[in-house]
Amino acid sequence: MNNSYENSFLSKSIFTTQNIVLANIGWAVLALLYFLLFSAKVPGADGIESRAEWYVIGTNIFEAFAYLAAGILCLRNWLSPQIVSGRNVWLLIGLGMLSYFVGGIIFGYTEIVLKDEPDVSVGDIFFVLTYLLLGAGMILAVASRRINLEKWQWLIVLAIAVFGSLLAWWISMQQGTPSELLVAILNWFYVVSDVVLLIIATTLLLAFWGGRVSQSWRMIAAAAFSLYIADMWFKYAQGPNYQSGEILEVFWVFSGVLFGLGAVLEYDASLRRTRRTSGRKRA
């Protein structure tokens, strides 16, 4: 009995909001330092410059743990009946995070272990699921809230939509259209999905600004922006000489961390709101 109580107390004392936030921020800082310090290419035995395999493995580990943690934190929100933005919102986002985690593991295994870089792989199934689930979750969050933006706020949404679309279109034109139909469809799916998530994130950011859970949705918006930056860079840098581990790819890690921070901040805000409500009822 005493051991059970001590374990429960220890668990609650460790997994506090502050500790989880600090752990996420620490993970992002470590990832940034790792990318900055070790991303340089070194000449191999054949004279060709490339990144060390251990470095590429490390980037995959940083990314995988960020999305795995985000998925767990989002599903914790789904299990909480007090959550403000709706449990289904966090279920969809959480499943999206876990899908990205699985897709990243498959992509890393294909690249590092199998030494292969196919245009289409099994990992793409999970990446496509990620965008569909994230989009559905964020749209549900918008639908659950009455959107009443000012004209200047709609102008911000429009400006970001135009800029994001033009940048994505320009990068796509630089790369050219793939000859294989499936590859071309996937490329445009990712581009359009990134822009759509960017627009939804901006709308959510402005809609929730100043509300009870504004901080959490600022994190979600920043996560969508980070995902857009990393995806656009990946698309721009792709080519015969491309190698994983460029510095801007750290934004994939940032995206996972920010989704996790958004989840934990909303969980904390929802619990505080519940305590205040129950306190008023007792009074």
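What counts, and at which threshold
Residues numbered from 1 in each chain as written. Predicted model: local features only at pLDDT ≥ 70, side-chain atom pairs only at ≥ 80, totals over all residues. Heavy atoms only, no water. Axes fitted to C-alpha atoms, helices over the stretch in contact; angles between N-to-C directions. Helix = DSSP H or I, 4+ residues; strand = E, 2+ residues; numbered from the N terminus. Parallel < 35°, antiparallel > 145°, perpendicular 65-115°, else oblique. Left-handed = near helix turned anticlockwise from the far one by under 90°. Contact = heavy atoms within 4.5 Å. Nonpolar A, V, L, I, M, F, W, Y, C, P; charged D, E, K, R; others polar. UniProt positions renumbered as here; feature names shortened; annotations may be inferred. Core = buried A, V, L, I, M, F, W, Y, C linked by side-chain atoms within 4.5 Å. Buried < 20%, exposed > 50% of the residue type's maximum accessible area, 1.4 Å probe, protein only. Phe/Tyr/Trp six-rings, centres within 6.5 Å; stacked < 30°, edge-to-face > 60°. Salt bridge = Lys/Arg side-chain N within 4 Å of Asp/Glu carboxyl O.

Draft legend 1. Molecular detail of the packing of helix 5 (residues 123–143) against helix 7 (residues 181–207). Two elements in contact, helix 5 and helix 7, have axes separated by 10 Å at closest approach and are oriented at 25°. The angle between helix 5 and helix 7 falls in the class roughly parallel. Considering the relative orientation of helix 5 and helix 7, their crossing is left-handed. Note on element contacts: helix 7 touches helix 5 through L186, F189, Y190, S193, D194, L197, I200, A201 and L204, opposite D124, F127, V128, Y131, L132, L134, G135, M138, I139, A141 and V142. For the contact of helix 5 with helix 7, a count of residues per class yields 16 nonpolar, two polar and two charged.

Draft legend 2. Just the UniProt feature "transmembrane region" (unreviewed entry) in the protein chain, in detail. Here the UniProt feature "transmembrane region" (unreviewed entry) sits at residues 21–42, 54–76, 88–109, 121–142, 154–173, 185–208, 220–238 and 250–271. What you have in residues 54–76 is 100% helix and 0% strand, and the ends, taken at the C-alpha atoms, are 33 Å apart. In residues 185–208, the share of helix is 96% and the share of strand is 0%. The end C-alpha atoms are 34 Å apart.

Draft legend 3. Layout of unusual backbone geometry. Although it is not a glycine, K115 sits at a positive phi angle of roughly 55°. Mapped onto the fold, K115 is located in the loop between helix 4 (87–113) and helix 5.

Draft legend 4. Representation of the nonpolar core in the model. W90, I93 and W217 are the most contacted members of the largest nonpolar core, which totals 52 residues. When residues of this core are traced back to their parent elements, those giving at least two are helix 2 (17–38), helix 3 (53–79), helix 4, helix 5, helix 7, helix 8 (214–237) and helix 9 (250–282). Residue contributions to this core peak at ten residues, all from helix 9. One finds V191, L198, Y228 and M232 within the second-largest nonpolar core, a separate group that totals seven residues.

Draft legend 5. A look at the side chain of T59. Along the polypeptide, T59 turns up in helix 3. Given the relative accessible area of 7%, T59 is considered buried. Not counting chain neighbours up to four residues away, the residues in contact with T59 comprise Y34, F35 and G245.

Draft legend 6. Summary view of the packing of aromatic side chains. Tallying each qualifying case throughout the model produces 18 aromatic pairs. With centroids separated by 6.3 Å and ring planes inclined at 90°, the aromatic side chains of Y131 and F189 adopt a geometry described as edge-to-face. Of the two residues, Y131 sits in helix 5 while F189 sits in helix 7, which places them 58 residues apart along the sequence. According to the relative accessible area criterion, F189 is partly exposed, its value standing at 24%. Both rings, one in W170 and one in Y236, keep their centres 6.1 Å apart while their planes meet at 20°; by these two values the pair is stacked. Linking W170 in helix 6 (residues 151–175) with Y236 in helix 8, this pair joins segments that are 66 residues apart in sequence.

Draft legend 7. Expanded view of the pattern of salt bridges. For the coordinates displayed, the defined rule picks out two salt bridges. Between E246 and R51 there is a salt bridge, with the nearest N and O atoms lying 3.0 Å from each other. Here E246 is found in the loop between helix 8 and helix 9, whereas its partner R51 is found in the loop between strand 2 (49–50) and helix 3, with 195 residues between them in sequence. By relative accessible area, R51 is classed as buried at 11%. Across the salt bridge formed by K115 and E53, the nearest N and O atoms sit 2.4 Å from each other. Here the residue K115 occupies a position in the loop between helix 4 and helix 5, and E53 occupies one in helix 3, the gap between them amounting to 62 residues.

Draft legend 8. Inspection of the environment of A224 at higher detail. Assignment of secondary structure puts A224 in helix 8. Exposure remark for A224: the relative accessible area of 4% places this residue in the buried category. A sequence separation of 31 residues divides A224 from S255, and the C-alpha atoms of the two residues are 6.7 Å apart. When sequence neighbours within four positions are dropped, the list of residues in contact with A224 reads M138, L197, A201 and F259.

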